[in-house]
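Fold and contact review
In case you want the letters, here they are:
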Amino acid sequence: MIKAVELKNFKCFNNLRLSLSELTILAGGNATGKSTMIQALLLADATAREKEDSVDASEALGVAVGNPKALISQNRLELPEGDFELRIRWEQEETVFVYKIDKLRSLKLSYTKSDAALKTPLFYLNAERLGPRISYPAGVDDDILRDGANAAYLIERADLMQKEVPERLALSRESSRFSIQVENWMNAILGDVSFSVITDYGKATTDIRYGNQLAEEAVLPTMTGFGISYILSVVTAGLWCASTGNVILMIENPEAHLHPAAQSRMGKFLELLTEAGVQLIVETHSEHIIDGARVQAAFDKCTDRMQIYFFSKEKDAVQIDKISVDENGELSEWPLGFFDQKEQDLRELFNLRRKNAGH
C-alpha cells in the first residue's frame, strides 16, 4: 500500500506531501490540483515499468502534454539534480523518481529512479469513460483500459478464468460467477439491470445487451442512457481488482451520469472494495459519493481507513484541508466551499422569499 506521495516542482505544487489511506478521496474545486496527484502516480507507474532511460509524458498521463516543461512548477524550488521529483512512500521503503528535461529529446523526460520499484500494480479509470456503443473492443487480458472500453470483455474473461469475488463483496450466494456478481452490483446501485456478454474473437469485439423487467427483449447499449455504460466499467474494474488482490485502483468521477441515490450506493461500493484489499484513490465532485462511503465505513466500524482531502485556491497557492471521519461517520471539519453550495442557494432563496413577501 502507498503510505504517502511527495511532489517537488511538479505542476501546481512546488513542495507537497500527502499521506494516503486505504480509501483516499480527493475533492474540491476545478483546477485546484486533484488531477495533479493522480497524474503524479500515473507518471511514477509508467516510469517504474519503463526499460529505457526516458519516458513519454503524454503516453504516461494519457493526455497530450506537448513540451514536458509544462509539468514543472512555475514557482519551483531548487533541487540538487533534476527539474522535478516524485517520491512514493511504502510501508518500509521509498521509491524516488527524479526527472530532467532532455534537450536532445525535447518531447521526453529523462529520469533516474531508486532501486525500489513500485510494489503494487496500479489500475486507473479516467473521467472520460467510453459511453454506449454497439460493440466494444476485446483485448488486454489482464488490465483495465483507462476509458473502461474493455470492461465487457473482462467480465467474460473473468468467468473463463473462474475469478472469485471476495466474500465481502458477494451480494448473492446463488452463483460465484464473476458476471453474476457484476450484475448484482449493477442492480444494487442502479436497480433492475440485467445483461449478457459475448465476444467475437475473430473481430476482437465484445457485444453486450441490457435488459430489465419492463423490456421483453434485451437492447443495445446505445438504446440506454450513459449511466449504465459508465457504471459497468467502475463495477467491473472494482470487482476485478478485488478478485486480484493487493492492487491500487484510481478512479476519476465515479459519480458521472448517476442519480444522487445511485451515487451514494456507489460510495458504499467503493468503501467495500477497500475492505476487500484494494487501495482506492478517488477524485470526485460528489458529496453523495463521500456520504455513501462514510456511511458504509461507520457501519463496518472502519472509518480510520478513510481519508478526505479538500483542495481549494487561496491567493496564489493551493490550500489542502485534511478531513478525517470519526467512528460515527462525522467529518472532522467542514472547510469553506466543501459541498456547501446547497446551503448557500437555499439561503439565497429564503432571502428572495422574504424580499418578495415585503412587497
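Residues numbered from 1 in each chain as written. Predicted model: local features only at pLDDT ≥ 70, side-chain atom pairs only at ≥ 80, totals over all residues. Heavy atoms only, no water.

Here we come to the sheet that holds strand E4 (residues 54–55). One open sheet accounts for six strands, arranged E2-E1-E5-E6-E7-E4; its pairing is antiparallel. This sheet does not close on itself; its edge strands, each paired only once, are strand E2 (16–19) and E4. Of the pairings in the sheet, the one linking E4 to strand E7 (residues 109–113) comprises two bridges and is antiparallel in character. Looking at E7, one finds that Ser-54 is bridged to Ser-110. (Pairing = 2+ DSSP bridges. Helix = DSSP H or I, 4+ residues; strand = E, 2+ residues; numbered from the N terminus.)

A few words on the packing of helix H4 (residues 178–190) against helix H6 (residues 260–275). The N-to-C vectors of H4 and H6 enclose an angle of 140°; their axes lie 8 Å apart at closest approach. Between H4 and H6, the crossing angle belongs to the class labelled oblique. Contact residues: Trp-185, Ala-188, Ile-189 and Leu-190 in H4; Ala-262, Arg-265, Met-266, Phe-269 and Leu-272 in H6. For the contact of H4 with H6, the class distribution of residues is eight nonpolar, no polar and one charged. (Axes fitted to C-alpha atoms, helices over the stretch in contact; angles between N-to-C directions. Parallel < 35°, antiparallel > 145°, perpendicular 65-115°, else oblique. Contact = heavy atoms within 4.5 Å. Nonpolar A, V, L, I, M, F, W, Y, C, P; charged D, E, K, R; others polar.)

This paragraph deals with the nonpolar core. Leu-169, Met-186, Phe-269 and Leu-270 are the most contacted members of the largest nonpolar core, which totals 60 residues. Per-element accounting of this core gives the leading share, 10 residues, to helix H5 (residues 226–244). Apart from residues no more than four positions distant in its own chain, Met-186 is found in contact with Gly-191, Val-193, Phe-195, Tyr-210, Ile-228, Ile-231, Leu-232 and Val-235. Ranked by size, the runner-up nonpolar core spans 41 residues in total, among them Leu-16, Leu-42, Phe-84 and Tyr-99. (Core = buried A, V, L, I, M, F, W, Y, C linked by side-chain atoms within 4.5 Å. Buried < 20%, exposed > 50% of the residue type's maximum accessible area, 1.4 Å probe, protein only.)

Note that all results are geometric; they support no functional claim without further evidence.
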